[in-house]
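Take a look at the letters that make up each chain.
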Amino acid sequence: MLFIIPGVVAYILNKYAQNHPDWAEQYSRSVYPVLSNAVGFLPSLVKFSVGEWLVVLVLLFLLLYIFYYVRKVIISKGTRRMEVYRGVIGIVAMGSMIYFCFTVLSGLNYHRDSFLSYTDYPEEKYSVAELAELCQSLADDMRLVRAELREDTDLLVQVPDDFDYYAQHSVLSLQMLSKQYPVLERSLYSAPKPVMMSKLMSQAGIAGIFFPFTLESNINVDMPGFMIPVAMTHELAHQCGFMQEDEVGFISYLACTQQDEPTFLYSGLFLAFDYSISALEKVDPDKALEIKSSLSQQVQQDRMQNEQYWGKYKGIVSNVSKRVNDVYLKANNQTDGVNSYNKMVNLLLAEQRYKLSRTAMTLSEKN
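Since the structure is predicted, the reported quantities are computational estimates derived from the model, not experimental observations.

## A closer look at the pattern of salt bridges
The full count for this structure, using the stated rule, is 14 salt bridges. Salt-bridge contacts for Glu 25 lead to Arg 112; the nearest nitrogen and oxygen are separated by 3.0 Å. Of the two residues, Glu 25 is situated in helix H2 (residues 21–44) and Arg 112 in the loop between helix H4 (80–105) and helix H5 (128–148); the sequence distance between them amounts to 87 residues. Here Glu 25 matches Arg 112 in class, with each residue buried. In the salt-bridge network here, residues are joined through shared partners; they are Glu 25, Arg 29 and Arg 112.

## Digging into the packing of helix H8 (residues 228–239) against helix H9 (residues 245–256)
Interhelical geometry of H8 versus H9 gives an angle of 125° and a closest axis separation of 8 Å. Taken together, the axes of H8 and H9 lie oblique to each other. Between H8 and H9 the crossing geometry is right-handed. Where H8 abuts H9, its residues Pro 229, Val 230, Thr 233, His 234, Ala 237 and His 238 lie against Glu 245, Val 248, Gly 249, Ile 251, Ser 252, Ala 255 and Cys 256. Partitioned by chemical class, the residues of the contact of H8 with H9 number seven nonpolar, five polar and one charged.

## Considerations on the packing of helix H6 (residues 162–180) against H8
The relative placement of two packed helices comes down to the angle between their axes together with the axis-to-axis distance. Between H6 and H8, whose axes approach to 9 Å, the crossing angle comes to 45°. Relative to H8, the element H6 lies oblique. Along this stretch, H6 crosses H8, giving a crossing that reads as right-handed. Packed against H6, whose contacting residues are Phe 163, Tyr 166, Ala 167, Ser 170, Val 171, Ser 173 and Leu 174, the element H8 presents Ile 228, Pro 229, Met 232, Thr 233 and Leu 236 at the interface. Partitioning the contact of H6 with H8 into residue classes produces nine nonpolar, three polar and no charged.

## Digging into the packing of aromatic side chains
Scanning all chains against the criterion turns up 19 aromatic pairs. Ring centres of Tyr 309 and Tyr 313 lie 5.2 Å apart, and the angle between their planes is 65°; on these two criteria the pair is classed as edge-to-face. Exposure class is identical for Tyr 309 and Tyr 313. Each is buried. Ring pairs connect the aromatic residues Phe 61, Tyr 65, Tyr 68 and Tyr 69, which therefore count as one cluster. Positioned above the aromatic ring of Phe 242, the side-chain terminus of Arg 112 is 4.1 Å from the ring centre.

## Remarks on helix H12 (residues 297–311)
The terminal C-alpha atoms of H12, which comprises 15 residues, lie 21 Å apart, in line with the 21 Å expected from a rise of 1.5 Å per residue. Residues of H12 that are buried include every one of Gln 298, Val 299, Asp 302, Arg 303, Gln 305, Asn 306 and Tyr 309, and no others. One side of H12 carries all its buried residues, which in axial view fall inside an arc of 165°. Residues of H12 that are exposed and angled more than 90 degrees away from the buried face: Gln 297 and Glu 307. Where the residues of H12 are buried, they touch H5, helix H7 (198–203), helix H10 (262–283) and helix H11 (285–293).

## Focus: helix H3 (residues 50–75)
Spacing of three or four residues puts side chains on the same side of an α-helix, whose turn is 3.6 residues. The end-to-end C-alpha distance of H3 is 37 Å, a good match for the 38 Å that 26 residues give at a rise of 1.5 Å each. Buried residues of H3: Gly 51, Glu 52, Tyr 65 and Tyr 69, and no others. The elements touched by buried residues of H3 are H4, strand S1 (193–194), strand S2 (208–211) and strand S3 (216–219).

## Some words on the pairing of S3
Here S3 shows a buried face lined by Glu 216 and Asn 218 and a second buried face lined by Ser 217 and Ile 219. The pairing of S1 with S3 spans two bridges and is parallel. The residue of S3 that forms the bridge with Lys 193 is Asn 218. The pairing of S2 with S3 spans four bridges and is antiparallel. Residue pairing across strands places Ile 209 opposite Asn 218, the latter belonging to S3. If you look at the hairpin formed by S2 and S3, you'll find four residues sitting between the two strands, and Leu 215 has a positive phi there, around 55°.

## Side note on unusual backbone geometry
One non-glycine residue, Leu 215, lies in the positive phi region at around 55°. With respect to the helices and strands, Leu 215 occurs in the loop between S2 and S3. Exposure remark for Leu 215: the relative accessible area of 1% places this residue in the buried category.

The rules behind each value
- All residue numbers refer to positions counted from 1 along the written sequence of the respective chain.
- Reporting of local features is limited, given that this is a predicted model, to residues whose pLDDT is at least 70; pairs of side-chain atoms are given and counted only at 80 or more, and all residues count toward the totals for whole chains, interfaces and linings.
- The basis for every side-chain value is the complete set of heavy atoms in the structure, and neither hydrogens nor water enter the calculation.
- Note on definitions: salt bridges are taken to be side-chain nitrogens of Lys or Arg within 4 Å of carboxyl oxygens of Asp or Glu.
- Helix and strand assignments come from DSSP, with helices taken as H or I runs of at least 4 residues and strands as E runs of at least 2, each series counted from the N terminus.
- Per-residue accessibility, obtained with a 1.4 Å probe over protein chains only, is compared with the maximum for each type, and a residue is labelled buried under 20%, exposed over 50%, and partly exposed between these values.
- Orientation is described by lines fitted to C-alpha atoms, with helices fitted over the stretch in contact, and by angles between N-to-C directions that extend from 0 to 180 degrees.
- Each angle receives one of four descriptions, namely roughly parallel if under 35 degrees, roughly antiparallel if over 145, roughly perpendicular if within 65 to 115, and oblique otherwise.
- The sense of a crossing depends on the near helix, which, turned anticlockwise from the far helix by less than a right angle, makes the crossing left-handed and, turned clockwise, makes it right-handed.
- Throughout, a residue-residue contact means that at least one pair of heavy atoms, one from each residue, lies within 4.5 Å.
- Amino acids are sorted into nonpolar (Ala, Val, Leu, Ile, Met, Phe, Trp, Tyr, Cys and Pro), charged (Asp, Glu, Lys and Arg) and polar (every other residue, Gly among them).
- Any Phe, Tyr or Trp ring, taking Trp's six-membered ring, that has another such ring centre within 6.5 Å forms a pair; planes under 30 degrees apart are called stacked, those over 60 apart edge-to-face, and the others tilted.
- Look at NZ for Lys and CZ for Arg. If either is within 6 Å of the ring centre and within 35 degrees of the ring normal, a charge sits over the ring.
- Expected span, for any helix, means 1.5 Å times one less than how many residues it has.
- Throughout, the arc means the angular range of directions from the helix axis out to the C-beta atoms.
- Two strands qualify as a pair provided that DSSP identifies no fewer than 2 bridges between them.

What follows is the structure in structure tokens.
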């Protein structure tokens, strides 16, 4: 029964943080870095995903636990109700401890201040013309960066050393970005880990998972290779204490554009364009078609291959995964659920307007 108390404490902390974002922000800036470094230190020393094996062990333990108590209930005669009670209380106690650990290592960060508050970007409404301009700008940048990777480069294929290379550069990207945004600075960035059961992640439509119990960034290595860098920076942004999916997507884009490494640049631009063009298609499909048609042949090929890859895994598993993720996000202060990812476009537009205003100001000062 005592193990249920932490779950109650976690519930109270979540409710308090939800109503007091300033307190949540203070927690994220002071307590969370210490706890996350302490928990994530040992897992960071190995290259395999500790979290992946931990999940497998927990599932096996639960199966054995259920089997044990079902057997106890069957063979017991006068104490069946007590055995059922003990079995249920055990499940509740374990769930309580898991919920508490999740809350202090991740959950409270959902209620902190927006990443936008640490930027100079305006939080305003944007026009369709600005959205079209953003899409065209991203399309132009993608064409130039893709050309640096050579026409005959198959971005779906990975060589064994690619993952370590991407992992090192993804950490470097966050470190570089933290110079501009100190709120992202960490004394310990746990390098992204490859997941052995990546096929299962693909079936569930998942590119990466941040596992708060080990502070690991777990990456699907079966998906198209050119999307791995942006998946890595996305999960590393969660390590930095930001949980809102639109903000993390934006941070991952910014991180990928910190380096001149073409694969990272292309990965970040590809993600940004994908969300932006989808938003434009809803309000101006003709303009969206025009911009997509202007993409280079290599970029169009990459987009088609990416869609084909994820398309072949669409089905019951991916639909269930999407619904579970939607419920999870809504339960953690993201009212738009899975649509939160799409809100990244607003941040991209904010960055574009800020850059244009700075350019205009510079020109006016020169004149």
